[in-house]
Amino acid sequence: MNMNSFEGKRILALVREGDYAHAGEEEAIERSFRSIPKNPEQWLLDVGCGRGGSAEYLRRNGWGHVEGIDRDGDSMEYARTTYPEIGFHICDVLDVSRTVTRTFDVIYMLNAFYAFDRRREALAELRKVAKPAAQLVIFDYTVGPKSPAAQAPALMPHAIRLTEIAAMLGEAGWEPGAIEDLSAEYTRWYATFVERIQLKRAEIEKIGSADWYNFVFSMYSGLHGEIASGGLGGAIVHARAT
């Protein structure tokens, strides 16, 4: 069982009541993009777009044209059928420059960066499809201030270390910008999310099984506990192509 699988994303969409797999749903999108001007002429790339809900939200609300990449083929087929005005590509982030045919004004990741094993290489690859001075937005988990020895908890081993992200961005061709702490918001979002999981137990079991429900409830209860205790946090990291 894996929340980045087609079944996992389907369950997340059910619980979040929209085609979103990231914390905070539409509130999080608005927070992440409040410094990005809306422009119908600009192009945005959603990296790890899942079922396409975030890409559609940004397109529909005037931020510009959007394309999305995700390596899960079933999720991409769903997104193409559901949101036909967006171009979706079955693609690993490390292959993006060989898959998409344009460059972008804004590149963003909503709870996707943590899932990459080779994050420096991913950032360098995304720089290849960025226009000059393109903006990068990373919305993701962070190693919290109360994590022992600043080590990421086992539930989220690739959470961003804020002491390292600027150097990582710089090495990949990005100029680091502002970092917005969202730890309080993550605590609130995940408390609500765990409550929603319990309320939707029967629907989750129809999609998967009792085992899926137990897996989802255990995972997100654990995440909420780590966040509430300060072992994990959340942030928006901004950067610009150099």
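Note that this is a predicted model, so its numbers are computed, not measured.

Student: Got a minute to help me understand the pairing of strand β5 (residues 130-143) in this structure?
Tutor: Working note: regular strand, side chains alternate between the two faces of the sheet. The element β5 is largely enclosed, with a buried count of eleven among its 14 residues. Judged from the six bridges that link them, strand β4 (residues 104-110) and β5 form a sheet pairing that is parallel. Residue Phe-104 lies in a different strand from β5, and its bridge partner there is Ala-130. Two strands pair when backbone bridges link them, and β5 and strand β7 (residues 232-241) are joined in this way by nine bridges, in the antiparallel orientation.

Student: Hey, could you run me through unusual backbone geometry in this one?
Tutor: For Asn-111, which is not a glycine, the phi torsion comes out positive at approximately 50 degrees. As for its position among the elements, Asn-111 is in the loop between β4 and α5 (119-127). On the accessibility criterion, Asn-111 (7% relative accessible area) is buried. One non-glycine residue with positive phi stands out, namely Ala-133, at about 65 degrees. Within the element layout of this structure, Ala-133 appears in strand β5.

Student: What should I look at first to understand the environment of Phe-104 in this one?
Tutor: By the element assignment, Phe-104 lies in strand β4. Ignoring anything within four residues of it in the chain, the contact list for Phe-104 reads Trp-43, Leu-44, Leu-45, Glu-67, Val-129, Ala-130, Lys-131 and Ala-134.

Student: Explain the sheet that holds β4 here, please?
Tutor: Within a beta sheet, neighbouring strands are joined by backbone hydrogen bonds and run either parallel or antiparallel to one another. Pairing in this open sheet of seven strands is mixed, and the strands run β3-β2-β1-β4-β5-β7-β6 from one edge to the other. Both outer strands of the open sheet, β3 (87-90) and β6 (174-181), are each paired with one neighbouring strand and no more. With strand direction ignored, the average angle separating the axes of adjacent strands in the sheet is 20 degrees.

Student: Where do I start with the packing of aromatic side chains in this structure?
Tutor: Any pair of aromatic rings gets described here by the distance separating the centres and the angle formed by the planes. Counted under the stated rule, the structure contains 15 aromatic pairs. Geometrically, the ring pair formed by Tyr-186 and Trp-189 is tilted, given 5.7 Å between the ring centres and 50 degrees between the ring planes. Of the two residues, Tyr-186 and Trp-189 are both situated in helix α7 (residues 183-199); the distance of three residues between them amounts to about one turn of the helix. The same class applies to Tyr-186 and to Trp-189, which are both buried. A network of ring pairs unites the aromatic residues Tyr-114, Phe-139, Tyr-141, Tyr-186, Trp-189, Tyr-190, Phe-193 and Tyr-220 as a single cluster. Above the plane of the ring of Phe-193 lies Arg-16, whose end atom (NZ or CZ) is 4.0 Å from the centre. A cation over an aromatic ring shows up here: Lys-38 above the ring of Trp-63, its NZ or CZ 4.6 Å from the ring centre.

Student: Would you mind going over the layout of surface pockets with me for this structure?
Tutor: Where empty space is left can be seen by rolling a probe of water-molecule size over the atoms. Volume-wise, the largest pocket comes out at about 890 Å³. For the largest pocket, the lining is made up of 47 residues, of which Asn-4, Ala-112, Tyr-114, Ala-115 and Phe-116 are closest to its centre. Looking at the lining of the largest pocket, the elements that each hand over two or more residues are α1 (6-16), β1 (43-47), β2 (65-70) and α9 (210-228). Considering each element in turn, the lining of the largest pocket owes the most residues, four residues, to α1. Class assignment of the residues belonging to the lining of the largest pocket gives a composition of 26 nonpolar, ten polar and eleven charged.

Student: Would you mind showing me how to read the packing of α1 against α7 here?
Tutor: In helix packing, the relevant descriptors are the interaxial angle and the interaxial distance, both defined with respect to the helix axes. Taken N-terminus to C-terminus, the directions of α1 and α7 make an angle of 100 degrees; their axes are 9 Å apart at the nearest point. The angle between α1 and α7 falls in the class roughly perpendicular. Across from Leu-12, Val-15 and Arg-16 in α1, the residues of α7 making contact are Tyr-190, Phe-193, Arg-196 and Ile-197. Considered class by class, the residues forming the contact of α1 with α7 number five nonpolar, no polar and two charged.

Student: Is there a simple way to think about the pairing of β3 in this case?
Tutor: Sheet analysis places β2 next to β3, joined by four bridges and oriented parallel. From the neighbouring strand, Ile-69 faces β3, where its bridge partner is His-89. In this view, the connection linking β2 to its parallel neighbour β3 by way of helix α4 (residues 73-82) has right-handed handedness.

Conventions and cut-offs
Residues numbered from 1 in each chain as written. Predicted model: local features only at pLDDT ≥ 70, side-chain atom pairs only at ≥ 80, totals over all residues. Heavy atoms only, no water. Buried < 20%, exposed > 50% of the residue type's maximum accessible area, 1.4 Å probe, protein only. Helix = DSSP H or I, 4+ residues; strand = E, 2+ residues; numbered from the N terminus. Pairing = 2+ DSSP bridges. Contact = heavy atoms within 4.5 Å. Axes fitted to C-alpha atoms, helices over the stretch in contact; angles between N-to-C directions. Phe/Tyr/Trp six-rings, centres within 6.5 Å; stacked < 30°, edge-to-face > 60°. Lys NZ or Arg CZ within 6 Å of the ring centre and 35° of its normal. 1 Å grid on protein atoms, 1.4 Å probe; cavity = no way out; pocket = protein on both sides within 12 Å on 5 of 7 lines; lining within 4 Å. Points joined across faces, edges and corners; volume = space filled by probe spheres on them. Nonpolar A, V, L, I, M, F, W, Y, C, P; charged D, E, K, R; others polar. Parallel < 35°, antiparallel > 145°, perpendicular 65-115°, else oblique. Right-handed = clockwise from strand over helix to strand, strands pointing away.

Shape is all these values report; function is a separate question.
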